[in-house]
Amino acid sequence: MRAGASRLFFFALAVAGALARPAAAVEPATEISALSARIEALSDRSRLLFDLTGLPPVTAYPVANPPRIIVDLPQVLFRMEANAGLAPGDKLIKSYRYGIFAPGRSRVVIDLTGPAKILKADSEPTAGGPRLVIELAPTSAAYFAVTAAEQARRQPADPPPAQPLQAAKPPSDKPTDRPVVVIDPGHGGLDMGATGKHGELEKDVVLEFARALRQKIDEGGQARVLLTRDHDMFLPLAERVRIARENNASLFVSIHADTLAAAHVEGATVYTVSERASDAEAARMAEKENLADQAAGLESKADAEQVGDILFELTRRETRSYSRQFSHSLISFWKEVGALNKNPSRSAGFVVLKAFDVPSVLLELGYLSSDKDLARLTSQEWRERAAQKAAAAVDAFISGRSREARAPADGPSGAARPQ
Ligand SMILES: [Zn+2]
């Protein structure tokens, strides 16, 4: 087993351990694992097989725009390479992803090259052991659209995880009045994010960085850090924003590490939210990141904004000014670690940055597509140094805000943000 694979296995076990407790219905003795997957291309159909250790109930249905098949399972541990389904080379199955979707629930998402109908989706015993069998055949666009619409009517909104996440809860020991900083490792679970050429996964790289950053901020003692996820699990974008708002966060930092077609482009970029993207590249990046929910089979929903409300507008304007202030500070601290993108300060319509009352930035650590960035991102020594600088920027921001709160008239905007 590769080091990466064993690490993923460990994460998966940690998640399973953490989730087994609240979900009393999931008996550890009945927990099922998936060990490997493969595709068999037959003349008239494509068959996707997972080798399992048990026989879970299976629910499968089509979802349109883009065409996908969703396979819902009770909690199944995928003890296999995370990126095995990225390029299966099948006529009908473009790619497939799998992982924990929500506490007690796992999911396989199959991206299709065109409309398909489900001939079979079940778990069954075979001579080689239990298997999950999904058989798909090409069908007409009309048939696919009708079945997907029927499904959408039956399940109008795919609910996000019902339980608030453990990471979001304040610790049960003595309460603290330190400002809360929410660090948000992007992607997770069946949404892997970007992948590097040696199988590095964005969801793992950003989680490791987020943990290092939490440690450095903890050492500074100025702020209390909450991670939106401390495991390899899926989290909808709206849930990440909710965690920041419900904890009255003073700052929200989403961490990412994407890929670009241009392999020579390198360095970190700090994004803030704006209606109009600062440049085409920022617009493309926001579009890509905003698809995260779709990667897990969720329908993207437009959020209802409180447009027209004066207080809302004022708060949002002030929040955005604080976001830009932190972004500039983060860039000047980061400069000391070296790698900055040629144009490190950008903005676009990132859904995850849309909390109107929490200053929010998205830190793109670098690109998994750049050899130089990849070497940095996978170096523990670099990670420690970079996290130290980012923590220093966070501390400077938090102490600046505390000074303003003590003497509001001296603050740059002259108005304290409602808490
Ligand atoms: Zn990302």
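The coordinates are above.
On a predicted model such as this, the values are computed, not experimentally measured, just so you know.

## Some details on the overall build of the protein
Piece 1. Scanning the protein from N- to C-terminus turns up nine helices and 15 strands.
Piece 2. Taking the intrachain contacts of the protein between residues at least 6 apart in sequence as the baseline, contacts between residues at least 24 apart amount to 77%.

## What to know about the packing of helix 7 (residues 310-334) against helix 9 (residues 380-406)
Axis angle and axis distance: for two packed helices, these are the angle between their axes and the distance between the axes, and together they describe the pair.
Piece 1. Running from N to C, helix 7 and helix 9 cross one another at 145°; their axes reach a closest spacing of 8 Å. As for how helix 7 packs across helix 9, the hand of that crossing is right-handed. Contacts between helix 7 and helix 9 involve Phe326, Ser329, Leu330, Phe333 and Trp334 on the former and, on the latter, Lys389, Ala390, Ala392, Ala393, Ala396 and Phe397.

## Thoughts on the pairing of strand 11 (residues 224-227)
Piece 1. Of the two faces of strand 11, the one carrying Arg224 and Leu226 and the one carrying Val225 and Leu227 are both buried.
Piece 2. As paired strands, strand 10 (residues 180-185) and strand 11 are joined by four bridges and run parallel to one another. Within the sheet, the bridge partner assigned to Val182 lies in strand 11 and is Leu226.
Piece 3. Taken together, strand 10, helix 3 (residues 202-220) and strand 11 form a β-α-β motif whose crossover is right-handed.

## Some remarks on the sheet that holds strand 2 (residues 46-52)
Piece 1. Here five strands make up an open sheet; going across it, the order is 5-1-2-9-8 and the pairing mixed. Among the strands making up the open sheet, the edge pair consists of strand 5 (76-78) and strand 8 (116-126). Within this sheet the neighbouring strands show an average axis-to-axis angle of 30°, counted without direction.
Piece 2. Sheet topology note: the strand 8/strand 9 (residues 129-138) ladder contains ten bridges and is antiparallel. By the bridge assignment for strand 9, Glu124 is matched with Arg131.

## Digging into helix 4 (residues 237-246)
Piece 1. Every buried residue of helix 4 is listed here: Leu237, Arg240, Val241, Ile243 and Ala244. The buried residues of helix 4 all sit within an arc of 155° when viewed along its axis, so they share a single face.
Piece 2. Of the surrounding secondary structure, the elements contacted by the buried residues of helix 4 are strand 10, strand 11, strand 12 (251-256) and helix 6 (292-295).
Piece 3. Downstream of helix 4 by a residue or two, Asn248 has a phi angle that is positive, lying close to 50°.

Definitions and cut-offs
- Residues numbered from 1 in each chain as written.
- Predicted model: local features only at pLDDT ≥ 70, side-chain atom pairs only at ≥ 80, totals over all residues.
- Helix = DSSP H or I, 4+ residues; strand = E, 2+ residues; numbered from the N terminus.
- Contact = placed C-beta atoms within 7 Å.
- Axes fitted to C-alpha atoms, helices over the stretch in contact; angles between N-to-C directions.
- Left-handed = near helix turned anticlockwise from the far one by under 90°.
- Buried ≥ 20, exposed ≤ 12 C-beta atoms within 10 Å, placed from the backbone.
- Pairing = 2+ DSSP bridges.
- Right-handed = clockwise from strand over helix to strand, strands pointing away.
- Arc of directions from axis to C-beta.

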